[in-house]
Amino acid sequence: SPSEYIASVRINAAAFLLESTDKLLSEIASMCGFYDEYYFGKVFKKHTGISPGVYRRNIKDRNRDSR
């Protein structure tokens with residue numbers, strides 16, 4: 001559906017920002033069109049299976065381990 005597509009685009013943008021910046025989750029949520037940080041977390045987890053905070057930690061751990 002169109003709303004699922006829009007959510008997917010927003011989540012992909014959020015994932016990129018989580019990987020490439022140190023911005024707060026609330027800032028990333030707002031930048032990606034989510035006006036509520038908690039709703040952002042819920043949608044992110046629905047699409048990825050993990051919360052935004054865990055996603056960011058996993059990326060940082062992977063980057064640290066690859067050095």
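Quick note: structure is the one above.
Residues numbered from 1 in each chain as written. Predicted model: local features only at pLDDT ≥ 70, side-chain atom pairs only at ≥ 80, totals over all residues. Heavy atoms only, no water.

1. Here's the deal with the overall build of the protein chain
Now for step 1: Across its full length, the protein chain holds four helices and zero strands.
Now for step 2: By the compact-globule yardstick of 11 Å for 67 residues, the protein chain fits well, its C-alpha radius of gyration being 12 Å.
Now for step 3: The C-alpha extent of the protein chain, read off along each of the three principal axes, is 40 × 20 × 15 Å.
Now for step 4: Residue pairs in contact within the protein chain that sit at least 24 positions apart in sequence constitute 50% of those at least 6 positions apart.
Now for step 5: By element, 53% of the accessible surface of the protein chain is carried by carbon and sulfur atoms, the whole surface being about 4800 Å².
Now for step 6: When the 11 basic and 8 acidic side-chain charges of the protein chain are each reduced to a single mean position, those positions are 2 Å apart. (Helix = DSSP H or I, 4+ residues; strand = E, 2+ residues; numbered from the N terminus. Rg over C-alpha atoms; globule rule 2.2 N^0.38 Å. Contact = heavy atoms within 4.5 Å. Areas by Shrake-Rupley, 256 points an atom, 1.4 Å probe, with all protein chains shown as cover. Lys, Arg positive; Asp, Glu negative; His and termini not counted. Charge placed at Lys NZ, Arg CZ, Asp CG, Glu CD.)

2. Some details on the side chain of Thr21
Now for step 1: By the secondary structure assignment, Thr21 is in the loop between helix H1 (2–20) and helix H2 (25–31).
Now for step 2: The buried category is assigned to Thr21, whose relative accessible area is 19%.
Now for step 3: Not counting chain neighbours up to four residues away, the residues in contact with Thr21 comprise Ile28 and Arg56. (Buried < 20%, exposed > 50% of the residue type's maximum accessible area, 1.4 Å probe, protein only.)

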